[in-house]
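Chain residues, written in single-letter form:
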Number of protein chains: 2
Amino acid sequence: MANIFEVPQPGNDLLEKANKVRLASIEISQTENQNRIKALNFMADYLEKNSYEILDANNADYSSAQKKGISRALLSRLKLSKLKLNSGIEGVRKVGDLADPVNQVQIKRELSKGLFLERKTVPIGVLGVIFESRPDAVMQISSLAIRSGNGVMLKGGSEANLTNTAIVKALQEGLNASGLDKNAICLLTSRKDSMAMLNLEKYINLIIPRGSNELVKFIQENTRIPVLGHADGICHLFIDIEANLEMALSVALDSKIQYPAACNAIETLLLHKDIAPTFLEKAIPLFKSNDVKLIGDMRSVELGVKYEASLEDWKTEYLDLILSIKIVDDLEEAITHIQKYSSKHTDGIITENSHTANKFMNVIDSAGVFHNCSTRFADGFRYGFGAEVGISTQTLPPRGPVGLEGLVTYKYFLKGDGNIVDDFSSGKAIYTHKDL
Amino acid sequence: MANIFEVPQPGNDLLEKANKVRLASIEISQTENQNRIKALNFMADYLEKNSYEILDANNADYSSAQKKGISRALLSRLKLSKLKLNSGIEGVRKVGDLADPVNQVQIKRELSKGLFLERKTVPIGVLGVIFESRPDAVMQISSLAIRSGNGVMLKGGSEANLTNTAIVKALQEGLNASGLDKNAICLLTSRKDSMAMLNLEKYINLIIPRGSNELVKFIQENTRIPVLGHADGICHLFIDIEANLEMALSVALDSKIQYPAACNAIETLLLHKDIAPTFLEKAIPLFKSNDVKLIGDMRSVELGVKYEASLEDWKTEYLDLILSIKIVDDLEEAITHIQKYSSKHTDGIITENSHTANKFMNVIDSAGVFHNCSTRFADGFRYGFGAEVGISTQTLPPRGPVGLEGLVTYKYFLKGDGNIVDDFSSGKAIYTHKDL
């Protein structure tokens, strides 16, 4: 793994860019809510003004990519139609409608007479975002960064360099027109720089990778900067003996086929041995008619699943219309399997027994534990966050789908009138600890 | 740095221990508040029952350490008097009085008809704690771990091995008597194991180091497990031109001498050039009479500070009665100095001008920004958290002094009645996103 990408030391040029973003981020961290909303509107205006230039740039990127024989999936992500651009611009304005994540008071407390503590949310500083060739991501992530008072260094896939450059130029013009430092948004265009970003721990406070599992894993292992994201999304659904059969079939199907390339789609279905025969009798033709390839353990192969699973299957995120099936003796065996193979993203259970459901949800240590619903609901928009910055599978917060709250931190503001600690040792002063 | 300690791969023995703690942690994570409080009371009872054994063990440790010629400061930390033990036991019971950090509902929302989301706090899992020869820390950290439903692997200084072993035996007996798995608390006694802990990312969810800056830094750089703690505490106090002089002297003195070995004591005093002469005229004799060695930049040496500072001084955490002083032209120069040298722990300003204070507090990116009070208030107990697990100087939460909330995370519980995402795409269902 360590050799697939190189992580060079940042050159002077990159350090200078990073320092400009850092300084701009300090400025924007001080701005009022209204100014940040104004900046977003200007950014949208300038994207509109520059839309022909942006679409031209995208045409050029697209032609080069076609000539290079790039995959159809990648080409489709790269293509920026007028419609997609307009929807991206609309998205930038809509980010302004999201609640301000900055300056939220979390603690307000009198510690002692005349001594007041506040814990308030503040921007993180500078975000480093590494993503694949989706030009719409540039607009989305830049607007979320500005909304939350952060600076951002972006590195997109090189196939989209001309498009991204045109978009960032428009965004910077918008920032500038609104009175903010345009350096708060910075685009890097060489892969060398994108990897050197991993060594910018003095400038970048959070890395958000949006790419292949392999890239995310590499980034997690090669930077001391905190990374918001996840590599694998190996999600499970357990069909308990007390499941409603129709519900089990419907939820299993939705969890697999609604969007199989998503991280919250299931890869493995666990079936209680006593429900497996009736379930599979209906599920095998249902999945077949939806082009899902089923791979199973020996017991499920005996019940009609066509392909036999290898050990590797339980560890594989197919991101495709493939589903592995394992028959278990009971809830405990299902839990043990999930504890062993889950990537701690989202795991669900179908059962009418609430005691069984609670046991499952309490014991499974994943960001999302679901009962009688599709794993596909694990998503910031569906959770009502208004935006999704990423999904984290680490144990510590932020965990699961992360909205704008993932782009802020907090600090403690303590205001006194000359208070000293010695007065408390000597008994002259006492702590009141009164929440206000 | 990479060579001062070795980080060996964990042996089978350690892996087996770690797995036992992990299993016990899953059990304890499911226990009700009352059971955890009961366990704490039993732990305290068994410490009392075993107090002679514990004190005997400590006497033996103390004698060996004396023979080895260990420093007086270390000996004093190692010594467990009957009084210190009783106060530690009392501390274990008091942890039961702290509010339950587990099962706190943070979000409760109807996503759609019949589909309900809850975000609740849950224990982190297993804590790995590496600390120096303070036997009282074993009681304290174990009780905080159990309070918050976590398992804990402890590694104390080898000088206290007999004492720690006796304490952990009593704590385990208490756990067992309360009906919980005694393996939730585990003591490692060899340095090899303590370093191998850093490779136990599959078993340990959070490392809490309590030791020298050097040890903490090494741990941060040599584990992929999140680390709660900080290496340096380089705190600053800026005396603005508009400071109340008496207040400035009193707060500066308290911030330095009240407990100079603490991480929240100041290392550097920044003086506005126009207040420097009058301030130093009073401060130099005041600090001198309190045995504080003053080291200053050229301008402050011209005003009577005896020793000249080198570049290294601005980066040094003295942890001693030494204070570096620098004279600055204005607020901006003070801010620039702090941005360059602060360890982002706690930095303060003394001024009567609230505009200046706000500017300072907003721009300085430290966990604590203080106005007109001593930096020594940066502490979990003083903030009213009831306990302090550690102080974090990282940007992302948890930041600053961390109470029990640093020992829990959260997860998302989603309960439905067969809800599938496809119904939302087809328009059959809509999101309500109604907070409950």
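None of these values were measured; they are calculated from a predicted model. (Residues numbered from 1 in each chain as written. Chains lettered and ligands numbered in written order. Predicted model: local features only at pLDDT ≥ 70, side-chain atom pairs only at ≥ 80, totals over all residues. Heavy atoms only, no water.)

Asker: What's the story with the domain arrangement of chain A in this structure? I'm lost.
Answerer: When its domains are assigned, chain A resolves into domain 1 (12-221) and domain 2 (235-377). Distance from the C-alpha centre of domain 1 of chain A to the C-alpha centre of domain 2 of chain A: 37 Å. (Domains from an automatic or database assignment.)

Asker: Explain the sheet that holds strand S4 (residues 151-155) of chain A here, please?
Answerer: The pairing of strands in a sheet comes from backbone hydrogen bonds and takes either a parallel or an antiparallel form. Residue and element names in this part refer to chain A. A sheet is described by the order of its strands in space; here four strands give the open sequence S5-S4-S3-S6, paired in parallel fashion. Two strands bound the open sheet, and with one partner strand each, they are strand S5 (185-188) and strand S6 (206-210). Each adjacent strand pair in this sheet contributes to an overall mean axis angle of 20°, direction not counted. Bridge analysis of S4 against S5 gives four bridges, and the strand direction is parallel. (Pairing = 2+ DSSP bridges. Helix = DSSP H or I, 4+ residues; strand = E, 2+ residues; numbered from the N terminus. Axes fitted to C-alpha atoms, helices over the stretch in contact; angles between N-to-C directions.)

Asker: What am I meant to see in the sheet that holds strand S2 (residues 115-123) of chain A here?
Answerer: Taken together, the eleven strands give an open sheet; going across it, the order is S17(A)-S1(A)-S2(A)-S16(A)-S13(B)-S12(B)-S7(B)-S8(B)-S11(B)-S9(B)-S10(B), and neighbouring strands pair in mixed fashion. Each of the sheet's edge strands pairs with one partner strand only, and the pair in question is strand S17 (434-435) of chain A together with strand S10 (307-308) of chain B. Pairing analysis gives five bridges linking strand S8 (residues 266-272) of chain B to strand S11 (residues 322-328) of chain B, with the strands arranged parallel. Looking at the pairing, B:Leu270 lines up with B:Lys326 of S11(B). Its contacts with the sheet put helix H11 (residues 276-289) of chain B on strand S7 (235-239), S8, strand S9 (293-296) and S11 of chain B, and the angle it makes with S8(B) is roughly 150°. (Contact = heavy atoms within 4.5 Å.)

Asker: I tried to follow the pairing of strand S3 (residues 126-131) of chain A on my own but got confused; where do I start?
Answerer: Residues in a regular strand project their side chains so that they alternate between the two faces of the sheet. Residue and element names in this part refer to chain A. Burial analysis of S3 places six of its six residues in the buried class, which makes it a mostly covered element. Here S3 runs beside S4; their pairing, made up of five bridges, is parallel. Looking across to S4, one finds that Val126 is bridged to Gly151. As a crossover connection, the stretch from S3 through helix H6 (residues 135-147) into S4 is right-handed. Bridge count for S3 against S6 is five bridges, and the pairing is parallel. Residue Leu127 lies in a different strand from S6, and its bridge partner there is Leu206. (Buried < 20%, exposed > 50% of the residue type's maximum accessible area, 1.4 Å probe, protein only. Right-handed = clockwise from strand over helix to strand, strands pointing away.)

Asker: Would you take a moment to explain helix H5 (residues 82-95) of chain B for this structure?
Answerer: Residues and elements named next belong to chain B. The terminal C-alpha atoms of H5 lie 20 Å apart, and with 14 residues this matches the ideal 20 Å at 1.5 Å per residue to within 8%. All buried positions along H5 are accounted for by Leu85, Gly88, Ile89, Val92 and Val95. Taken down its axis, H5 places every buried residue within 120° of arc, on the same side. For H5, exposure combined with an orientation more than 90 degrees from the buried face picks out Leu83, Ser87 and Lys94. For H5, the secondary structure elements touched by its buried residues are helix H2 (33-49), helix H3 (51-67) and helix H6 (135-147). (Expected span 1.5 Å × (residues − 1). Arc of directions from axis to C-beta.)

Asker: Looking at this model, I keep getting lost on unusual backbone geometry. Mind explaining?
Answerer: In the segment running from A:Pro397 into A:Pro398, the intervening peptide bond is cis, with an omega of -10°. Mapped onto the secondary structure, A:Pro398 falls in the loop between strand S14 (390-392) and strand S15 (400-402). The backbone of B:Asp291 sits at a positive phi, close to 65°, despite the residue not being glycine. Topologically, B:Asp291 is positioned in the loop between H11 and S9. For B:Asp291, a relative accessible area of 61% corresponds to the exposed category. Although it is not a glycine, B:Asn372 adopts a positive phi angle of roughly 55°. With respect to the element layout, B:Asn372 can be found in strand S13 (residues 368-373).

Asker: Got a minute to help me understand the relation of the copies chain A and chain B in this structure?
Answerer: Look at the two chain copies: a rotation about an axis and a shift along it is all it takes to match them. With an axial shift of 0.0 Å and an RMSD of 0.0 Å, the rotation relating chain A to chain B amounts to 180°. Such a turn and shift between the copies fits a two-fold axis. Closest approach to the rotation axis among the C-alpha atoms of chain A is made by A:Pro397, whose C-alpha sits 3.9 Å away. With an isologous cut-off of 70% or more, the 100% of interface residues of chain A that recur at the interface of chain B puts this contact in the isologous class. (Least-squares fit on C-alpha atoms with pLDDT ≥ 70 in both.)

Asker: Whenever I open this one, the environment of B:Lys17 confuses me. Can you help?
Answerer: All names here are of chain B. With respect to the helices, strands and loops of the structure, Lys17 is situated in helix H1 (residues 12-29). For Lys17, a relative accessible area of 29% corresponds to the partly exposed category. A sequence separation of 186 residues divides Lys17 from Tyr203, and the C-alpha atoms of the two residues are 10.0 Å apart.

Asker: Help me understand the interface of chain A and chain B, please; the structure alone is not making it clear to me.
Answerer: Accessible area lost upon the coming together of the parts serves often as the stated size of an interface. Listed as interface residues are 70 residues of chain A and, on the opposing side, 70 residues of chain B. Taken over both partners, the interface formed by chain A and chain B buries close to 5,800 Å², and the fraction arising from carbon and sulfur atoms is 56%. In this structure, the connection of chain A to chain B is made through four salt bridges. With a shortest N-O distance of 3.9 Å, B:Arg224 and A:Glu221 are connected by a salt bridge. Counting across the interface, chain A meets chain B through 48 residue pairs in polar contact (both at pLDDT 80 or more). The element that contributes the greatest number of residues to the side of chain A that touches chain B is strand S16 (residues 408-419) of chain A, accounting for eleven residues. Here the side of chain A that touches chain B is built from residues that sort into 34 nonpolar, 22 polar and 14 charged. Alignment of S16(A) against S13(B), held across five bridges, turns out to be parallel. Bridge pairing in S13(B) places A:Leu414 opposite B:Phe370. (Buried area = accessible area lost by both parts, 1.4 Å probe. Salt bridge = Lys/Arg side-chain N within 4 Å of Asp/Glu carboxyl O. Polar contact = N/O pair within 3.5 Å; in protein donor to acceptor, adjacent residues only side chain to side chain. Nonpolar A, V, L, I, M, F, W, Y, C, P; charged D, E, K, R; others polar.)

Asker: Just checking my understanding: could you explain the environment of A:Leu200 for this structure?
Answerer: Residues and elements named next belong to chain A. Inspection of the secondary structure puts Leu200 in the loop between helix H8 (191-196) and S6. It is 9.3 Å that separates the C-alpha atoms of Leu200 and Leu14, two residues lying 186 residues apart in sequence. Once you skip the residues sitting within four places of it in the chain, Leu200 turns out to touch Pro10, Leu14, Leu15, Ala18, Met153 and Ile225.

Asker: What should I look at first to understand the pairing of strand S4 (residues 151-155) of chain B in this one?
Answerer: Residues and elements named next belong to chain B. Of all five residues making up S4, five are buried, and the element is well covered by its neighbours. With burial as the criterion, each face of S4 is covered, one bearing Gly151, Met153 and Lys155 and the other bearing Val152 and Leu154. Taken together, S4, helix H7 (residues 161-177) and strand S5 (residues 185-188) constitute a β-α-β crossover, and its handedness is right-handed.

Asker: Even after reading the chapter, I still don't get the packing of helix H5 (residues 82-95) of chain A against H6(A), so can you show me in this structure?
Answerer: The axes of two packed helices give the description: the angle between them and the distance between them. Residues and elements named next belong to chain A. Contact geometry of H5 with H6 gives a least axis separation of 9 Å together with a crossing angle of 10°. One way to sum up the angle between H5 and H6 is to call them roughly parallel. Contact residues: H5 offers Lys84, Leu85, Gly88, Ile89, Val92 and Val95, while H6 offers Asp136, Met139, Ser143, Leu144 and Arg147. (Parallel < 35°, antiparallel > 145°, perpendicular 65-115°, else oblique.)

Asker: How should I be thinking about the pattern of salt bridges in this particular structure?
Answerer: Close approach of charged atoms lets side chains of opposite charge pair. Residue and element names in this part refer to chain A. Tallied over the full model, the rule gives 38 salt bridges over all chains. With a closest N to O distance of 3.7 Å, Lys273 and Asp274 form a salt bridge. Where salt bridges share partners, they join Asp45, Glu48 and Arg93 into one cluster.

Asker: Which parts of the structure should I look at to understand helix H9 (residues 213-221) of chain B?
Answerer: Owing to its 3.6 residues per turn, the α-helix brings residues three or four apart onto one side. Residue and element names in this part refer to chain B. Inspection of H9 places Leu215, Val216, Phe218 and Ile219 among the buried residues, and these make up the whole buried set. Buried positions in H9, seen along its axis, are confined to an arc of 160° and lie on one side of it. Where H9 is buried, its residues contact strand S3 (126-131), helix H8 (191-196) and strand S6 (206-210).

Asker: Is there a simple way to think about the packing of aromatic side chains in this case?
Answerer: To describe a pair of aromatic rings, one takes the distance between the centres and the angle between the planes. Counted under the stated rule, the structure contains twelve aromatic pairs over all chains. A centroid spacing of 5.8 Å and a plane angle of 80° characterise the contact between A:Tyr383 and A:Phe385, whose relative ring orientation is edge-to-face. Summarising the burial analysis for this pair, A:Tyr383 and A:Phe385 share the class buried. Aromatic pair A:Phe385 and B:Tyr412: ring centres 6.2 Å apart, planes at 50°, arrangement tilted. Linking A:Phe385 in the loop between strand S13 (368-373) and S14 with B:Tyr412 in strand S16 (residues 408-419), this pair reaches from one chain into another. Residue class for A:Phe385 comes out buried when judged on its relative accessible area of 17%. Three or more aromatic residues link up through ring pairs in this structure, and these residues are A:Tyr383, A:Phe385, B:Tyr410 and B:Tyr412. In this structure, A:Lys326 packs its charged tip against the face of A:Trp314, placed 5.7 Å from the ring centre. Between B:Lys82 and the ring centre of B:Tyr52, over which it is positioned, the NZ or CZ distance is 5.9 Å. (Phe/Tyr/Trp six-rings, centres within 6.5 Å; stacked < 30°, edge-to-face > 60°. Lys NZ or Arg CZ within 6 Å of the ring centre and 35° of its normal.)

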